[in-house]
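In case you want the letters, here they are:
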Amino acid sequence: MREPATTAVVGVAGVAGALAAWQAVSAGEVLDSTSFPPPTEVLDALVRVVGESWFWTALGETAKSTLLGLLITVAIALPLGAALGLSETAFRSCRLVIEFLKPIPVVALLPLALLMYGTTLQMKLVLICFGTLWPLLMQVIYGVQNVDAVAAETARAYRLRRTRWLVSVVLPSAAPFIATGLRVAGVTALLLSIVTELVGGAAGLGLQITRAQSAADYDELYALVVITGVLGIAVNGVLRRMERRTLRWLPEHREVAA
Amino acid sequence: MRLLGRSDAGAASADAREAAGTVISVDGLGKTYGAGEDAKVAIERVDFEVATGEFVSIVGPSGAGKTTLLKCLTGLLEPTTGRISFEGREIAEPPARMAIVFQDYARSLFPWMTVARNVELPLLDKGIGKAERRRRVGEALEAVGLPGTERRFPWQLSGGMQQRVALARSLAYKPDCLVMDEPFASVDAQTRFELEDLVLELRHAFGMTVLFVTHDIDEAVYLSDRIVVLTRSPAVVRKILEVDLPRPRDQAATKGHQRFAELRTELLELVQTQRPTSPRPDA
Amino acid sequence: MRRRARIVALELWLPVVVVAAWWTLSAGSQSLYFPPLETILEEFRATFLSSGADEHLRPSLVNLGLGYGIAVVTGVVAGVLIGMNRWAAAALDPLVHFFRALPGPALLPFAIIAFGIGTTMKVWIIAFTSLFPVLLNAIDGVRGVDPTAREVARAYRLGRLRRIFAIVLPSASPQIMAGLRVGLQTAILLMVVSELVASTSGIGFFILQSQQQFEIADMWAGIVALGLLGCILNAAFGLVERRVLRWYIATHGEVVR
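What counts, and where the lines are drawn
- Residues numbered from 1 in each chain as written.
- Chains lettered and ligands numbered in written order.
- Predicted model: local features only at pLDDT ≥ 70, side-chain atom pairs only at ≥ 80, totals over all residues.
- Contact = placed C-beta atoms within 7 Å.
- Nonpolar A, V, L, I, M, F, W, Y, C, P; charged D, E, K, R; others polar.
- Core = buried A, V, L, I, M, F, W, Y, C linked by C-beta atoms within 7 Å.
- Buried ≥ 20, exposed ≤ 12 C-beta atoms within 10 Å, placed from the backbone.
- Helix = DSSP H or I, 4+ residues; strand = E, 2+ residues; numbered from the N terminus.
- Axes fitted to C-alpha atoms, helices over the stretch in contact; angles between N-to-C directions.
- Parallel < 35°, antiparallel > 145°, perpendicular 65-115°, else oblique.
- Left-handed = near helix turned anticlockwise from the far one by under 90°.
- Pairing = 2+ DSSP bridges.
- pLDDT = per-residue confidence, 0-100.

Undergrad: Got a minute to help me understand the interface of chain C and chain A in this structure?
TA: Often, the extent of an interface is quoted as the loss of accessible area upon association of its parts. Contact residues are listed per partner, giving 56 residues for chain C and 49 residues for chain A. Looking at the side of chain C that touches chain A residue by residue, the classes come out as 41 nonpolar, nine polar and six charged.

Structure (structure tokens):
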């Protein structure tokens, strides 16, 4: 059995190898080194960027819209999903509507949202909420619907009151589903935030990337992209850890799509 | 050490088997997991032999390293010390003339394949033609009492039936030796009796040597010619029991035999009590 | 029979009411943002259901098909190869995770620098971004193959290729399908995004152009078109998934989420 230490070392070696390859290609004659700066220049730019105040403002904007959008979505999805999950009639009525709204590429609404709200935070939030609500809603519903039948019967046998039933049985049982939904929603919220900034021109990291591109500050461009990637890893990591903790409450019989 | 049941109803075949020789030879086998301080000695030292056509059970308390022993015997795991020979040659990987039936049939049969495909799988890429493969599959399924199930899927069958499919798979392979790892542990009692009798029938019909790992005392005594009793890990051979019950065995008659009760009690005591301080493999 | 009819009615009443409400409430509407549904549908028919479909629908679908197709083939093949080799998996893990976590649209400026604007850029960015969910799930799926399954393969001395196609691939297929599902969402997203920036064709471009020219009904028609496309593709994927994973659904009750 390989130890985690060896795996980590090999992983670092892999990254180092990729960086070395990048350096070699960039330094060679194959590509124009202005448009494709080597990792050393990108690293310099990265260090420089992190010292600038506009960067932190932009990061703040992205973080703000992501978190706020997620919060709003959760505030709607949890109660609504619980209500729909517990009522067969309500669920069946709404199912088709949700299933139709879910696969609509939210980006298609960007021009409309820009028209209605301009490049404001509100525009970002509308898109983020629309894009994250439906999948999360379905996950909450599934979680509530999938309360263990034996647990349900035990609760009925002991005549648990409604609120206690919800809090002590339904919520823990649905938690893994909700946590998975939350992870996906969080990642999507960040993604949509970046899209509204990059394509729509709202304030945030995405806007800075576009700006760097127009100003032909290519090393800054690459640095910002790398930082965005790191941000993505951070968001994913935090949410995954939360998800894993809730999965421990129940026997781990489910796999998660990466 | 190689004596077979004397009061054997199939005495003629017993003599023939004795003359046939040793199929499996385990010589000073040991297996240690890990190294240094974390080293876990699963098997300290095991020696025994299995003659052609014998039915030998391996029994021990849980955690005795029975599965480890089995994996070494079948070439799935490399022993730390000692040698295992099968048909005269030392094992480095699973031998061709040996077939294994695993305990967890749900995971050893493949749910995306039909019953026929599952049974046929070991025969693929071995130079056996399609018609011949189909014939063998049909025969094997017939032999285990599942004719006509070729196009079903394992998950459509009951637990007992699935284990029969696993048996059929090993039969189609036409092995000299059948190795079974607690095959009936996950099956209900009634089905277990049926499957036990099935194994005995098949062994008689196909003349195979059988190595059978189990924790079920009654099962071991009912099925075997000899029983290798292991101690808890670090495991050694506690004793090798001769089972001199008459064949053919019968669930009601044999288990009503007084000798059955005696053997059963002796085996139970051997398994349940602590290992002796100076272990020596019994001859 | 009556029960069946009740269930169908229960599932349909709300969608019907919503569409009907939209229709009636927006009829004769003067609002800039919400033209009459009737007008929208008329524009939709004119643009996408007639011969005009070629102009915008086809380029979008072609790019999507090519990009997603490349991602799927590359992702599955590479995923299997990498997943079966512990060293390769360990070495490539951080890189794969990085690109999987990076929001795809962030690569758009880079794509434009590298490939200009046009089909190549679009196919590249669709392929590159949807590759990683597929790849990651394929690697995980292969690594997660049941040890008992592997043992059976060894016990019965199966050859390498047979092992991969008869055991490893089917065993990993539930996880791989989950990756393909996420990959499809990503592909659709990048298809639209790449058409909203520096493009002269495609449904995304059509929506943007309509918005810029204040042809709001046309814009909505484009949105409806994308919505339908999303629905149809997802439904089709669901059908394929249920067929391929019949055995998994039978033993687990549902697909990997």
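Undergrad: Before we go on, may I ask you to explain the nonpolar core in this structure?
TA: B:Ala168, B:Val229 and B:Leu267 are the most contacted members of the largest nonpolar core, which has 217 residues in total. Sort the elements by how many residues they give to this core and helix H8 (residues 160-196) of chain C lands first, with 17 residues.

Undergrad: In this structure, what is going on with the packing of helix H2 (residues 37-49) of chain C against helix H10 (residues 216-244) of chain C? I would like to understand it.
TA: Between two packed helices, what matters for the description is the angle formed by their axes and the separation of those axes. Residues and elements named next belong to chain C. Two numbers describe how H2 lies on H10: the axes approach to 8 Å, and their chain directions differ by 70°. As summarised for this structure, H2 and H10 are arranged roughly perpendicular, according to the angle between their axes. Here H2 and H10 pass one another in a crossing that is right-handed. Each of Thr39, Ile40, Glu43, Phe44, Thr47 and Phe48 in H2 lies in contact with H10, whose residues at this interface are Ala217, Asp218, Trp220, Ala221, Val224 and Ala225. For the contact of H2 with H10, the per-class residue count stands at eight nonpolar, two polar and two charged.

Undergrad: Explain the interface of chain C and chain B here, please?
TA: Contacts between the two partners involve 18 residues from chain C and, on the opposite side, 19 residues from chain B. Where the side of chain C that touches chain B is concerned, the elements lending two or more residues are helix H7 (147-155), H8 and helix H11 (246-252) of chain C. If you tally residues by element for the side of chain C that touches chain B, the top one is H7(C), at six residues. Partitioning the side of chain C that touches chain B into residue classes produces ten nonpolar, three polar and five charged.

Undergrad: Please explain the environment of A:Glu197 as it appears in this structure.
TA: Residues and elements named next belong to chain A. By secondary structure assignment, the location of Glu197 is in helix H8 (residues 162-198). On the basis of neighbour count, Glu197 is assigned to the buried category, with 26 C-beta atoms found within 10 Å. In sequence terms Glu197 and Arg245 are 48 residues apart; their C-alpha atoms lie 33 Å from each other. If we ignore the near neighbours within four places in the chain, the residues touching Glu197 are Thr62, Ala202, Ala203, Gly204, Leu205, Gly206 and Leu207.

Undergrad: Honestly, the sheet that holds strand S1 (residues 22-33) of chain B in this entry has me stumped. Any pointers?
TA: Within a beta sheet, neighbouring strands are joined by backbone hydrogen bonds and run either parallel or antiparallel to one another. Residues and elements named next belong to chain B. Read across the open sheet, the ten strands follow the order S5-S4-S1-S2-S10-S9-S3-S8-S7-S6; overall the sheet is mixed. Strands with a single pairing partner mark the edges of an open sheet, and in this sheet they are strand S5 (89-90) and strand S6 (98-101). The sheet contacts of helix H10 (residues 258-272) involve strand S3 (55-59), strand S9 (226-230) and strand S10 (235-242), and relative to S10 the element is tilted by about 175°.

Undergrad: Sorry if this is basic, but what is going on with the confidence of the model for chain C here?
TA: A low pLDDT score tells you not to read the predicted coordinates there in detail. Residue and element names in this part refer to chain C. Chain-level pLDDT for chain C is 91 on average; 99% of the residues reach the 70-or-more range. Within chain C, no element has a lower average pLDDT than H2, which sits at 87, and none a higher one than helix H6 (residues 119-143), at 96. Our summary of model confidence lists the complex with pTM equal to 0.86 and ipTM equal to 0.90.

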